[in-house]
Amino acid sequence: MTGTEDVLLVHGGTPLEGEIRVRGAKNLVPKAMVAALLGSGPSRLRNVPDIRDVRVVRGLLQLHGVTVRPGEEPGELILDPSHVESANVADIDAHAGSSRIPILFCGPLLHRLGHAFIPGLGGCDIGGRPIDFHFEVLRQFGATIEKRADGQYLEAPQRLRGCKIRLPYPSVGSTEQVLLTAVLAEGVTELSNAAVEPEIEDLICVLQKMGAIISMDTDRTIRITGVDSLGGYNHRALPDRLEAASWASAALATEGNIYVRGAQQRSMMTFLNTYRRVGGAFEIDDEGIRFWHPGGPLNAIALETDVHPGFQTDWQQPLVVALTQASGLSIVHETVYESRLGFTSALNQMGAHIQLYRECLGGSDCRFGQRNFLHSAVVSGPTKLQGADLVIPDLRGGFSYLIAALAAQGTSRVHGIDLINRGYENFMEKLVELGAKVELPGGALV
Ligand SMILES: CC(=O)N[C@H]1[C@@H](OP(=O)(O)OP(=O)(O)OC[C@H]2O[C@@H](n3ccc(=O)[nH]c3=O)[C@H](O)[C@@H]2O)O[C@H](CO)[C@@H](O)[C@@H]1O
Ligand SMILES: C=C(OP(=O)(O)O)C(=O)O
């Protein structure tokens, strides 16, 4: 997409109404693709969305010698890792792209090749996002790590060994790092304080299908018994609960009514409880969930993001737009990322009243209290929003700006919309299907 095309004109004031479909989760699919590297035979992954993070990982896998081709059904990929040993990764930096997934290649490549190179990582700029836990656990498995100017070089002088690990915080990526490394390591790995997000459970399902032995206790402990080899898998990715919640928030903020085909109650329970507390309505059936604004005022709430089963941080930004329309003072305490509220300054330019605080407001103390991070917000509503010139800062912040522009009076110019393609499949087509009045510069309808 060129610079001029990377702008969307949004004419606000029309409720979003209709039906859209969500496919496999952005936070599972690329990782299941990486898991295919561990197998001795081909894997079949279904329900794969056409998003940039998937394309980035596909490019990286191909660079490592994995053949990736479409299967028979739409959204199906066949991943064949038979030729990994002969791969040439000279061009890897150009393929790392905007995703955080390259860090998860470490374990599989160390098992397969005895060495790995990890280029710079992408992902959303919503905090420091260090990768110290990842390297610490890899060292415990027996890997050596050397930081060079162009990235990190890792080696496994001998077969990696299972170990006892306690994460300082239940990090999603570090838990996945342990899983993808421990399954082929020698002996047993015990991981405590693990993250237990639904996407992690689904990755465990993928690995079990490949032949891994993994058990999960109720106290965030995961035990993995290493095996000597793994086969391929056949798996349908769990649906994207983050995209589903984004459209749910869009329905609320625009006073609309959206049926999200593919949305699943089980992985969204905490979101659904919050949605109901705010005053949003929903109806669940076997195929999806309908979300709508039932009319009348919305309720202000106190909200704290947390690791699963808490309120997922990626749900926060879109819901904050809906909270600008609630009556009274809402409190939002972001405990997962230290800098995930910066997007609210643009909402204030549109007419919202959102004040940020360094203190931990509205609940428990978190890692970011007393540390100078503006990680709590007080949202005062309801406020009328006006169209504005907006520059998308990150994936969910970007979707939030789209929602705000759609809920606002007048026209907004939203710059940097291509960033949204990283995690939302066909979002412009979906907007049009839902009746949004959006156009590319020059008057072209999307
Ligand atoms: C591709 C993907 O799945 N992304 C998700 C994943 O990101 P990701 O796996 O990067 O997020 P983590 O759960 O690892 O990060 C959580 C917290 O741990 C900290 N941390 C993490 C690793 C580390 O080595 N050191 C460290 O300090 C981070 O800075 C952050 O404050 O989980 C996040 C939390 O649910 C989601 O918002 C992201 O959408
Ligand atoms: C923070 C996110 O993703 P990533 O970890 O890929 O940056 C997100 O999906 O909102």
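Nothing here was measured: the structure is a model prediction, and the numbers come from that model. Positions within a chain are numbered from 1, following the residues in the order the chain's sequence is written. Both sets of labels track the order of writing: A upward for chains, 1 upward for ligands. Two thresholds apply to this predicted model, a pLDDT of at least 70 for residue-level local features and 80 or more for giving and counting side-chain atom pairs, whereas whole-chain, interface and lining totals are computed over all residues. Heavy atoms from the whole structure form the basis of all side-chain values; hydrogens and water molecules are not counted.

What to know about the site of ligand 1
For step 1, the next point in the chain: If a single non-hydrogen atom of a residue is within 4 Å of a molecule or strand, that residue counts as near it. The environment of ligand 1 is formed by 22 residues, the closest being K31, S171, V172, D314 and V336.
For step 2, the next point in the chain: Throughout this description, a polar contact denotes any pair of N or O atoms lying within 3.5 Å of each other; where both atoms belong to protein, one of them has to be capable of donating a hydrogen while the other can accept it, and for residues adjacent in sequence the pair is counted only when both atoms sit in side chains. Take R129: an N or O atom from its side chain is 2.9 Å from an oxygen atom of ligand 1.
For step 3, the next point in the chain: The Shrake-Rupley method, run with a 1.4 Å probe sphere, supplies the accessible areas, and residue values consider only the shown protein chains as cover. Bound to the protein, ligand 1 loses 90% of the 740 Å² it would expose on its own.
For step 4, the next point in the chain: Numbering of helices and strands runs from the N terminus; a helix is a DSSP stretch of H or I covering at least four residues, while a strand is a stretch of E covering at least two. Those elements that place two or more of their residues in the shell around ligand 1 are α5 (132-141), α6 (172-182) and α10 (313-323).
For step 5, the next point in the chain: Only Asp, Glu, Lys and Arg are considered charged, only Ala, Val, Leu, Ile, Met, Phe, Trp, Tyr, Cys and Pro nonpolar, and every remaining residue, Gly among them, polar. When the residues that make up the shell around ligand 1 are grouped by side-chain class, the tally is seven nonpolar, seven polar and eight charged.
For step 6, the next point in the chain: Domain start and stop points were drawn from an automatic or database domain assignment. When residues of the shell around ligand 1 are assigned to domains, at least three map to each of domain 1 (4-22 + 239-439) and domain 2 (29-236).

Describing the sheet that holds strand β22 (residues 389-391)
For step 1, the next point in the chain: One open sheet accounts for four strands, arranged β22-β23-β1-β24; its pairing is mixed. Edge positions in the sheet fall to β22 and β24 (437-439), since each of these pairs with one other strand and no more. Strand after strand, the sheet turns through a mean of 25° between neighbouring axes, direction not considered.
For step 2, the next point in the chain: Note: two strands are recorded as paired if DSSP finds a minimum of 2 bridges between them. Alignment of β22 against strand β23 (residues 411-415), held across three bridges, turns out to be parallel. Looking at the pairing, V391 lines up with H415 of β23. In this analysis, axes come from line fits to C-alpha atoms, helices being fitted only over the stretch in contact, and the angle between any two N-to-C directions falls in the range 0 to 180 degrees.

Notes on the UniProt feature "active site" (unreviewed entry) in the protein
For step 1, the next point in the chain: UniProt positions are given in the numbering used here, feature names are shortened, and annotations may be inferred rather than shown by experiment. The feature "active site" (unreviewed entry), as annotated in UniProt, sits at C124 in this numbering.
For step 2, the next point in the chain: Mapping C124 onto the fold places it in the loop between β6 (115-118) and α5.
For step 3, the next point in the chain: Exposure is judged per residue with a 1.4 Å probe applied to protein chains only, and the accessible area is read against the type maximum: over 50% gives exposed, under 20% gives buried, and values in between give partly exposed. Residue class for C124 comes out buried when judged on its relative accessible area of 8%.
For step 4, the next point in the chain: When checking whether two residues touch, look at their non-hydrogen atoms; a contact exists if any pair is within 4.5 Å. Here C124 is in contact with R129, D394, L395 and R422, once residues within four sequence places are set aside.

Re the UniProt feature "binding site: UDP-N-acetyl-alpha-D-glucosamine" (unreviewed entry) in the protein
For step 1, the next point in the chain: Per the UniProt entry, the sites bearing "binding site: UDP-N-acetyl-alpha-D-glucosamine" (unreviewed entry) are R100, D314 and V336 in this numbering.
For step 2, the next point in the chain: Residue position: R100 is located in the loop between α3 (92-96) and α4 (106-113).
For step 3, the next point in the chain: Within the structure, the side chain of R100 is placed 2.8 Å from the backbone oxygen of G122, a separation counted as a polar contact.
For step 4, the next point in the chain: Leaving out residues up to four positions away in the same chain, V336 has contacts with Y169, T305, D306, V307, T313, R367 and F368.

Section: α5
For step 1, the next point in the chain: Turning to α5, its buried residues are H134, F135, V137, L138 and F141. Buried residues of α5 fall within an arc of 165° about the axis and therefore sit on the same side.
For step 2, the next point in the chain: Of the surrounding secondary structure, the elements contacted by the buried residues of α5 are α4, β7 (144-148), β8 (151-155), β9 (164-166), α6 and β10 (188-192).
For step 3, the next point in the chain: The first or second residue beyond α5 is G142, which carries a positive phi of 110°. By construction, the arc corresponds to the directions joining the helix axis to the C-beta atoms.

Describing the domain arrangement of the protein
For step 1, the next point in the chain: For the protein, the assigned domains read domain 1 (4-22 + 239-439) and domain 2 (29-236).
For step 2, the next point in the chain: The gap between the C-alpha centroids of domain 1 and domain 2 is 30 Å.
For step 3, the next point in the chain: Opposite the 21 residues of domain 1 that make contact, domain 2 presents 21 residues.
For step 4, the next point in the chain: Carbon and sulfur atoms make up 49% of the area that domain 1 and domain 2 hide from each other, which totals about 1,900 Å².
For step 5, the next point in the chain: Two parts lose some accessible area (1.4 Å probe) when they are put together, and adding that loss for both gives the buried area. A per-residue breakdown of the area domain 1 buries against domain 2 is headed by V307, H308 and R422, which together make up 35% of the total.
For step 6, the next point in the chain: Basic side-chain nitrogens of Lys or Arg form a salt bridge, by our definition, when they fall within 4 Å of a carboxyl oxygen of Asp or Glu. Across the domain 1-domain 2 interface, the total number found is three salt bridges.
For step 7, the next point in the chain: A salt bridge links E199 to R241, with the nearest nitrogen and oxygen atoms 2.7 Å apart.
For step 8, the next point in the chain: Taken together, the residues of the side of domain 1 that touches domain 2 sort by class into seven nonpolar, six polar and eight charged.

A word on the pairing of strand β15 (residues 281-284)
Looking along a regular strand, one sees side chains alternate from face to face of the sheet.
For step 1, the next point in the chain: Two strands pair when backbone bridges link them, and β15 and strand β16 (residues 288-292) are joined in this way by four bridges, in the antiparallel orientation. Within the sheet, the bridge partner assigned to F282 lies in β16 and is F291.
For step 2, the next point in the chain: Linking β15 back to β16 in an antiparallel pair, the connection comprises three residues.

Some remarks on the pattern of salt bridges
For step 1, the next point in the chain: Using the criterion set out here, one finds 17 salt bridges in the structure.
For step 2, the next point in the chain: The salt bridge partner of E190 is R223, with a shortest N-O separation of 3.3 Å. Here the residue E190 occupies a position in strand β10, and R223 occupies one in strand β12 (residues 222-225), the gap between them amounting to 33 residues.
For step 3, the next point in the chain: When its relative accessible area of 22% is taken as the criterion, E190 is described as partly exposed.
For step 4, the next point in the chain: Since its relative accessible area comes to 31%, R223 is described here as partly exposed.

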